[in-house]
Structures are given as structure tokens and as C-alpha cells.
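Survey of secondary and tertiary structure
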Amino acid sequence: MKSKISPRLLILIGIIFESVLFFTFFLLKDDLGEVFRYAARYSGRFSFVLYLLAFYWFIKEHTLNLPLIRTKKWVTVFSIMHLIHFGFLAASVELNDLPIVPIKVIGGFLAYVGILCYPFFIGNIRKIASHLMYFYYVGFVMAMTFLARIRGEFVGANPEVFHFIGLGIVLISFGMAGIRLYQIR
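This structure is a prediction, so every number in the text was calculated from the model and none was measured.

Now for unusual backbone geometry. Its identity as a non-glycine residue notwithstanding, Asn65 has a phi of 60°, on the positive side. A relative accessible area of 71% places Asn65 in the exposed class. Despite not being glycine, Asp97 has its phi angle at roughly 50°, a positive value. Its location among the elements puts Asp97 in the loop between α3 (69–95) and α4 (102–121). Residue class for Asp97 comes out exposed when judged on its relative accessible area of 67%.

This brings us to the pattern of salt bridges. Enumeration over the complete set of coordinates arrives at four salt bridges. Across the pair Glu34 and Arg37 runs a salt bridge whose closest N-O atoms are separated by 2.8 Å. Separated by three residues within a single helix, Glu34 and Arg37 lie in helix α2 (residues 32–63), roughly one turn from each other. Under the relative-accessibility criterion, Glu34 is labelled partly exposed at 23%. The buried category is assigned to Arg37, whose relative accessible area is 13%. In the salt-bridge network here, residues are joined through shared partners; they are Arg41, Arg45 and Glu160.

In contact at an axis separation of 11 Å, α2 and helix α5 (residues 128–150) are set at 155° when each is read in the N-to-C sense. Considering their axes alone, α2 and α5 lie roughly antiparallel with respect to each other. The two elements α2 and α5 cross, and the hand of that crossing is left-handed. Contacts between α2 and α5 involve Ser47, Phe48, Tyr51, Ala54, Phe55, Phe58 and His62 on the former and, on the latter, Ile128, His131, Leu132, Phe135, Tyr136, Val138, Gly139, Met142 and Phe146. For the contact of α2 with α5, the residue count by class is twelve nonpolar, four polar and no charged.

In this structure, Tyr51, Phe78, Tyr134 and Phe135 are the most contacted members of the largest nonpolar core, which totals 32 residues. Of all elements in the fold, only α1 (7–28), α2, α3, α4, α5 and α6 (161–183) reach the threshold of two or more residues within this core. Among the elements that take part in this core, α2 stands out by supplying nine residues, more than any other. Leave out the neighbours within four places in its chain, and Tyr51 touches Phe78, Phe135, Val138, Gly139, Met142 and Phe174. Membership of the second largest hydrophobic core comes to nine residues, among which are Phe22, Phe25, Phe36 and Ala40.

It is worth spelling out α6 at this point. A rise of 1.5 Å per residue sets the reference length of α6, with its 23 residues, at 33 Å; its end C-alpha atoms lie 33 Å apart and thus fit the reference within 8%. Buried within α6 we find His163, Gly166, Leu167, Val170, Ser173, Phe174, Ala177 and Leu181. Where α6 is buried, its residues meet α2 and α5.

What follows deals with α2. Between its first and last C-alpha, α2 extends 46 Å over 32 residues, near the 46 Å set by a 1.5 Å rise per residue. Within two residues after α2, Asn65 carries a phi angle of roughly 60°, on the positive side.

Further remarks concern a nonpolar patch on the surface. A contiguous nonpolar patch, built from Val101, Ile103, Ile106, Phe109, Leu110, Val113, Tyr137, Phe140 and Met144 and spanning about 840 Å² of accessible area, is present on the exposed surface. Per element, the largest residue contribution to the nonpolar patch is five residues, and it comes from α4. Within the secondary structure layout, Leu110 lies in helix α4.

What counts as what
- Residues numbered from 1 in each chain as written.
- Predicted model: local features only at pLDDT ≥ 70, side-chain atom pairs only at ≥ 80, totals over all residues.
- Heavy atoms only, no water.
- Buried < 20%, exposed > 50% of the residue type's maximum accessible area, 1.4 Å probe, protein only.
- Helix = DSSP H or I, 4+ residues; strand = E, 2+ residues; numbered from the N terminus.
- Salt bridge = Lys/Arg side-chain N within 4 Å of Asp/Glu carboxyl O.
- Axes fitted to C-alpha atoms, helices over the stretch in contact; angles between N-to-C directions.
- Parallel < 35°, antiparallel > 145°, perpendicular 65-115°, else oblique.
- Left-handed = near helix turned anticlockwise from the far one by under 90°.
- Contact = heavy atoms within 4.5 Å.
- Nonpolar A, V, L, I, M, F, W, Y, C, P; charged D, E, K, R; others polar.
- Core = buried A, V, L, I, M, F, W, Y, C linked by side-chain atoms within 4.5 Å.
- Expected span 1.5 Å × (residues − 1).
- Patch = residues over 30% accessible without salt bridge, like charges linked within 9 Å, V, L, I, M, F, W, Y side chains within 5 Å.
- Areas by Shrake-Rupley, 256 points an atom, 1.4 Å probe, with all protein chains shown as cover.

Right, dumping it as C-alpha cells:
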């Protein structure tokens, strides 16, 4: 199955989206710290959607015993967009003097390493458990981020309906993927 949209085009579209997002907040907010806070917030949500697409395609291609062509495309796009998100996030932390608690960021750091490395190694990974470790770990870190926001543990970010929806979507995705994988056993 040949994919219709190339990864390069998707990456270009993603970069344009991230740029529009940044410049929108640049025009709307007076403080540069707030510009990066909001750019990080909404680019993170964009990355979340890309993660879900990648996870969906992995489960679909794996259960149909197909090569992971679309999965690789989507994890590559997700990786690059999440790197942009990290740039916004790092700038927000610096400009807003947000506290960094090392024990709390270790899990996120490991997820970032996985997000950046996985597209390069996806073709060499043969064991399903290794692929699942990537998707479930990254999803777990996202779920913990949503949960921390729901609990009000982020400075400058109040809980929003999106955080409840995001947490629910992660949990539902994990459950549905597990059921799908169990059915093909």
C-alpha cells in the first residue's frame, strides 16, 4: 500500500502549522514568555494528535501483518513536530522562570529520547514488545502530563476540559489496542 502524502509534505505542513501557531500567539500576547507558554501548550496538543495517528497505524499495520510504512511516516512527523514542541517548551520554562524538578522530568526526558530515536530504528525492530514499549511508554508519559495538569501541578496552567479528554483518549487507545492485539494472538 503506497501512502498518498509523502512524509516530507506532512513535515512541511506541520512546520507551517507550528509557525502559524507561534506567530498567532506572538500577535495576541504582549509578553514573550506567554507567547512561548501558549505555543508550547498548543503544539503539544498537535503532537498528541500525531502520536495517536502513529499508534493507530502501528496497530492497524501490525494486526494486518503489513510493513510499517504508514507507522514510520507518522512517527517521523510526530518526532519532528515534538522536537519543535520541545523548543517552545524549553523557551517557556526559561522565559517564565518555571521550576524544574529533576525527578519529575526524567520520565519525559526518556520519552523524548525515544520519540527522537524510534523513527531511525523502527525498520530494525523485530519484536512486537519493543514497538509496544515505545507506544505505551510515550502514551503513559502523555497521560501523566494530562493527570498532572488536572491536579493543578503545573505553574501557569489551569486544568482544562482538554486534559480530561486527552487522558480518556490515551486510556481508551491503550485498551482498544490491547484488545486488538489480543484478538490476533
